[in-house]
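Fold and geometry: a report
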Amino acid sequence: MQISGISITGSLFLIIGIIMYKGLPYISWEMISQSPKGGFYIGKGGGIFNAILGSLYLAGLSTVLATLIGIPIALYLNMYIKQGSFLEKSSKLLFDVLFGIPSIVYGAIAFSIMVWLGIRASLLGGVITITLLTIPIVVRTIDELLLTVPVDLKNVTKSLGATTWETAKVLIKYIKPGIFTAILLAFGRAIGDVAGVLLTTGFSDNLPKYIDEPAATLPLAIFFQLSSPIPEVQGRAYASALVLTLIILIIVICTHILASKQKKHKI
Amino acid sequence: MKFRLVKDLIAKYLSKSLLILSLSVVVLIVIGLAMKSSPLLDNVNLFHILTEKNWSPQKGNFGFLPFIMGTLWVTLISLVIAVPLCILASTYLVEYASDRLRISVLPLMNVLAAIPPVLYGVWGVLFVVPLISDWIAPIFNINITGYSVLAGGIVLAVMIFPIMISIMVEVLHTIPKELKAASLSLGATKWETIQKVILRKARPGIIAAVVLAVSRAFGETVAVLMVCGNIPKVPQSLFDAGYPIPALIANNFGEMMSIPLYDAALMFAALLLFVIIFGFNLISRIILNRLEEHA
Amino acid sequence: MHAHSSIETKETQNIILPSTPHMQIKDLNVYIEGTHILKNINLDIPNNSITSIIGPSGCGKTTLLKTLNRLMDDSKEVKVTGSVLVNGEDIYAKDAEVTHIRKKMGLLSQRPFPLPMSIFDNIAYGPKIHGERNKKVLEQIVETQLRNVGLWEEVKDRLDSSATGLSIGQQQRLCLARGLAVQPEIILGDESTSALDPISTQTIENLLIDLKKDYTIVLVTHILRQARRVSDYILFVYNGKAVEFGKTEDVLINPKNPITQQYVKGFIS
């Protein structure tokens, strides 16, 4: 039994260890501050700044959109709808299910819609796909948070004559640390997704300037450049993997800190 | 102060329309995929598509069997590895481990869950594939590159660890202490209690966790694609290359517009994935919700 | 207004109340997810007095209290029939405006729940959402209400710090002041002292006794001694039914109904 536990946790350190081991030698200021020179697949010079920036744009924009759409939905499901009603139960179930739908399916449908509308692969396409992918994460996390709010806090606020919307604002204040957790979780999923962006965002050597142009992202920088026969290009993949790992680790640590804050808050 | 009430109404209907809009995406996905894949189904019957081995889009042969088998192989391998490990590990965490150990291990599962698929793929290429070609295959006197369904299965197994562990731990926590106490006071050993009482009681929850993990494995695209070899043939052994359904979509969407019916075939693949995963998720979520209500 | 004030349920006899009723409950039935929780409640609640609702846990007394300011019907699958009149106005009428009704009734919950904001904003929150913007007026309201509950001297130097930093007894007084700040007519208390130490409990009880000259107060409690200490009238609820209602001494010392007798003597709890 101990062995099973050790092998499971061990695999985590193995993954991070190998990425560190391969990536660290390639990390330099040039690597993270320049775009690739001479084509991402064959050019030996330059770095991965285009992918870092593209990923931040993509994940940032879709997280903002998903939060703006997801929080009102979670509030509606917990405040406006009668609890225990069919619409409430089935909507929550459906968001649970949507959470499990793989990004390749979202990507495929977004891709065919884009083809149908004549839009080419672009940052915009990626943002739409990833937003759809992250809405269920936001809804589910906020929903779980709202369930932890004591019923009496809702009741006393309403007893002051507050409308449902005003009560919702008080509850949002109450679960604030948790909301940041939800946003971070969504951001983490958004920045790490490959299959969705592969079909919809394309790839580019340039820094992302316009939303209707293809943009590079870290996961795709890894995916495309890893299979290159040129060591320098492979190096860019390793460096991208390291940067992505660091971003994810920072996010996980932040969510951990926030989660303990939310616990303290609960009197 | 009527304005406050109007604001409340606006908030209500705005959030309601957001809900309906986002839920209608599901309907949109189903209709869109069904419409796009209908040309294929008009030409060839469904049964034929699912059982035909031959995949050559240029000649108009769209046999899905290699991809279905590829998906099944990697999923089964990952389950064979992950299910026993996860059951043992989560029982250990809940029944034997100290609080300190439990509190320090569970966050690590969150890290494992947060790692993006592409990084699992990198790990697969750098570690699992060489491990198979240099260490495991020679034991059986086979000479291969290592890109195989086995590699895909191992990578997937690690990817489904966190979801299985976290759900199993939760399920094991819902089992009443009294039940354990009753069994122990009858003179059963701790291990007997775990085997005969706890795991039996936890069975529906464990099944739900496995089903959820299976649907995760079915849909995983890039990590598997990077280590599986991607040859459209039905795999015959652990060391054969395989070509799972998601990888098929990801690898070929670029050229699908140039060959007739190719796009319909890929959309059919996406529809297939969606329907299977939707069904699996629905079943396991319903089981888990039931368990939560009874707890 | 009704001059004759009486309640009629199967088991109770008529009692003539000395003052005019502030609230009247008529044929009230509450069903939660199909279960019949409150059964045909009829009751007049006299004004400027404290009415305690007592009964064993699970008898429906908290549900009854929450029905009085319409907190039940939006939290779960709940069906309410009958009517609750406040000053002769039915709060369950179709065109009744819920926020307006709730403003008339302050709720003091089981445990103190300060809003996640500063001490000042906790009191000012109610007046603010009801349209008071003038800072001077708000400051005046905050000071008056904090003085009302005897908290002003204790917190006047830290009005901007978070309300969660107060002791639990102070928090409950703050919550009382917050409720008073929206100028309610009625105070509803849901076992409001159950989380407090004996001294804080006494403070709150004395405050409530003071406040009854301006407010009508309805308390839910499961402590008989508390009901005896503070209340003018007592309603005994058992199994969703209003079994007995009357003056405190009558119900506690000379209960008419055999079930009330058993409860008062401690045979049922």
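Overview of the structure. (Residues numbered from 1 in each chain as written. Chains lettered and ligands numbered in written order. Predicted model: local features only at pLDDT ≥ 70, side-chain atom pairs only at ≥ 80, totals over all residues. Heavy atoms only, no water.)

**Let's talk about the overall build of chain A**
Basically, it comes down to this: Helix and strand definitions here come from DSSP, where helices need a minimum of 4 consecutive H or I residues and strands a minimum of 2 consecutive E residues; each element is numbered from the N-terminal end. Throughout this description, buried means an accessible area under 20% of the type-specific maximum (1.4 Å probe, protein chains only), exposed means over 50%, and partly exposed covers the range between. Contacts are assigned to residue pairs with any non-hydrogen atoms lying within 4.5 Å of each other. Accessible surface area values rest on a Shrake-Rupley calculation with a 1.4 Å probe, where residue burial reflects the displayed protein chains alone. We count Lys and Arg on the positive side and Asp and Glu on the negative side, and we leave His and both chain ends out. All charge positions are set by atom: Lys at NZ, Arg at CZ, Asp at CG, Glu at CD.
Helix and strand counts for chain A come out as twelve helices and zero strands. On the principal axes, the C-alpha backbone points of chain A span a range of 70 × 55 × 35 Å. Looking at chain A residue by residue over its 267 residues, the buried ones come to 60%. Nonlocal contacts in chain A, meaning residues at least 24 apart in sequence, comprise 74% of its contacts between residues at least 6 apart. About 10,300 Å² of surface is accessible on chain A, with carbon and sulfur atoms providing 71% of the total. On chain A, the mean spot of the 20 positive side-chain charges and the mean spot of the 12 negative ones are 6 Å from each other.

**Remarks on the sheet that holds strand β4 (residues 78-86) of chain C**
Residues and elements named next belong to chain C. Formally: One requirement defines pairing of two strands: DSSP has to find at least two bridges between them. Only the contacting stretch of a helix is used when fitting its axis, a line to C-alpha atoms as for every element, and angles between N-to-C directions run 0 to 180 degrees.
Ordered by their spatial adjacency, four strands build an open sheet running β2-β1-β4-β5, and the pairing between neighbours is antiparallel. The open sheet has two edge strands, β2 (35-46) and β5 (89-90), and neither has a second partner. In terms of strand pairing, β4 meets β5 through two bridges, oriented antiparallel. Paired with V86 across the two strands is E89, which belongs to β5. Of the strands in this sheet, β1 (21-32), β2 and β4 are in contact with helix α1 (residues 61-68), which crosses β1 at around 120°.

**Focus: the interface of chain A and chain C**
Under the convention used in this document: Accessible area that two parts lose when put together, evaluated with a 1.4 Å probe and summed over both, is termed the buried area. Should a side-chain nitrogen of Lys or Arg be within 4 Å of a carboxyl oxygen of Asp or Glu, the pair is scored as a salt bridge. When residue character is reported, Ala, Val, Leu, Ile, Met, Phe, Trp, Tyr, Cys and Pro are called nonpolar, Asp, Glu, Lys and Arg charged, and the others, Gly included, polar.
Opposite the 23 residues of chain A that make contact, chain C presents 28 residues. Counting each side, the surface lost to burial between chain A and chain C is near 2,300 Å², with a carbon and sulfur contribution of 62%. Linking chain A to chain C there are one salt bridge. Residue K66(C) pairs with D152(A) through a salt bridge whose shortest N-O separation is 3.8 Å. For the side of chain A that touches chain C, the secondary-structure elements that each account for two or more residues are α7 (151-159) and α8 (164-174) of chain A. Per-element tally for the side of chain A that touches chain C: the top contributor is α7(A), with seven residues. Split by residue class, the side of chain A that touches chain C holds eight nonpolar, ten polar and five charged.

**Concerning the side chain of R285(B)**
Looking at the element boundaries, R285(B) is found in helix α12 (residues 262-294). Excluding its chain neighbours within four sequence positions, the residues that come into contact with R285(B) are L93(A), D96(A), F99(A), R140(A) and L212(B).

**Describing the pattern of salt bridges**
Under the counting rule described, the total for this entry stands at 16 salt bridges over all chains. Where R4(B) meets E166(A), a salt bridge forms, and the shortest distance between an N and an O atom there is 2.8 Å. Taken together, the positions of R4(B) in helix α1 (residues 2-43) and E166(A) in helix α8 put the pair across two chains. Taken individually, R4(B) and E166(A) each receive the classification buried, so the pair is uniform in this respect. Close ionic contact of K180(B) with E95(B) constitutes a salt bridge, the shortest N to O distance being 3.0 Å. With K180(B) in helix α7 (residues 177-185) and E95(B) in helix α3 (residues 65-96), the pair connects residues that are 85 residues apart, well separated along the chain. Residue K180(B) is classed as partly exposed on the basis of its relative accessible area of 24%.

**With respect to the environment of N155(A)**
Secondary-structure assignment places N155(A) in helix α7. Placed 76 residues apart in sequence, N155(A) and M79(A) show a C-alpha to C-alpha distance of 12 Å. Beyond its immediate stretch of four places on either side in the chain, N155(A) contacts K66(C), L71(C) and L107(C).

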